[in-house]
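# Chain and residue survey
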Amino acid sequence: MINPDDVKTPQENEQDGKRAYQAGEFEQAARAFAGAAEGFQVAGDTLKAAEMRNNQSVAFLQADLPEEAKRVVEGTAQIFAQADDPKRQALALGNLAAAMEGMGELRTALVTYTQSAEILQEIGAQEEYAHVMKSISALKLRLKNPLGALASMDEGMEAIGSPNWKQRLVKRLLKIPFNF
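Residues numbered from 1 in each chain as written. Predicted model: local features only at pLDDT ≥ 70, side-chain atom pairs only at ≥ 80, totals over all residues. Heavy atoms only, no water.

Looking now at the packing of aromatic side chains. Scanning the entire structure with this criterion turns up one aromatic pair. With centroids separated by 5.1 Å and ring planes inclined at 65°, the aromatic side chains of Y21 and F26 adopt a geometry described as edge-to-face. (Phe/Tyr/Trp six-rings, centres within 6.5 Å; stacked < 30°, edge-to-face > 60°.)

Turning next to the layout of surface pockets. There is about 720 Å³ of room inside the largest pocket. Taken together, 30 residues make up the lining of the largest pocket; nearest its centre are N54, V58, L91, N95 and H131. Looking at the lining of the largest pocket, the elements that each hand over two or more residues are α1 (10–22), α3 (46–62), α6 (86–102), α7 (106–123) and α8 (126–142). The element that contributes the greatest number of residues to the lining of the largest pocket is α6, accounting for eight residues. Classifying every residue of the lining of the largest pocket gives 14 nonpolar, eleven polar and five charged. (1 Å grid on protein atoms, 1.4 Å probe; cavity = no way out; pocket = protein on both sides within 12 Å on 5 of 7 lines; lining within 4 Å. Points joined across faces, edges and corners; volume = space filled by probe spheres on them. Helix = DSSP H or I, 4+ residues; strand = E, 2+ residues; numbered from the N terminus. Nonpolar A, V, L, I, M, F, W, Y, C, P; charged D, E, K, R; others polar.)

This part covers the side chain of Q56. Considering the arrangement of structural elements, one finds Q56 in helix α3. A relative accessible area of 4% means that Q56 is categorised as buried. Excluding anything up to four places from it in sequence, Q56 contacts A30, F33, A34 and V72. (Buried < 20%, exposed > 50% of the residue type's maximum accessible area, 1.4 Å probe, protein only. Contact = heavy atoms within 4.5 Å.)

Here it is, written out as structure tokens:
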């Protein structure tokens, strides 16, 4: 018999997931986010359910379970696109790309990261754009494309409006190869 005191609301599961994630308990966080996603879906809040699936995906990635991360995040970008929420659509694409990268699907991950970056650039989400461009740069290095990696990193750094001193140094260093 189910004890009513053991049943959690989607919001409680979400908070449990956040706490577990902060504590480094990534698989526990993924389970809590899964419970939150199911609860929000049952309540008819499809967008919040998709957001929880994205959180679950990130937790799985941190737990080094890219297959699970990909499984839970697939389709969420389309949900956000249909709801005309480009920022969360782009973030979902970034999560999907990270899962693909973790699975070794490098070329597909690069295409998906690029889709994410394009949306983020269009909506002016500079910080997120810079983060995705950093991921693209690292991926291009893995794909043996060092000049492409430099160009991507340079693009990402240019998006940062008020860079700190480290970022300014990196921006200057990135200009050196292009001056030759």
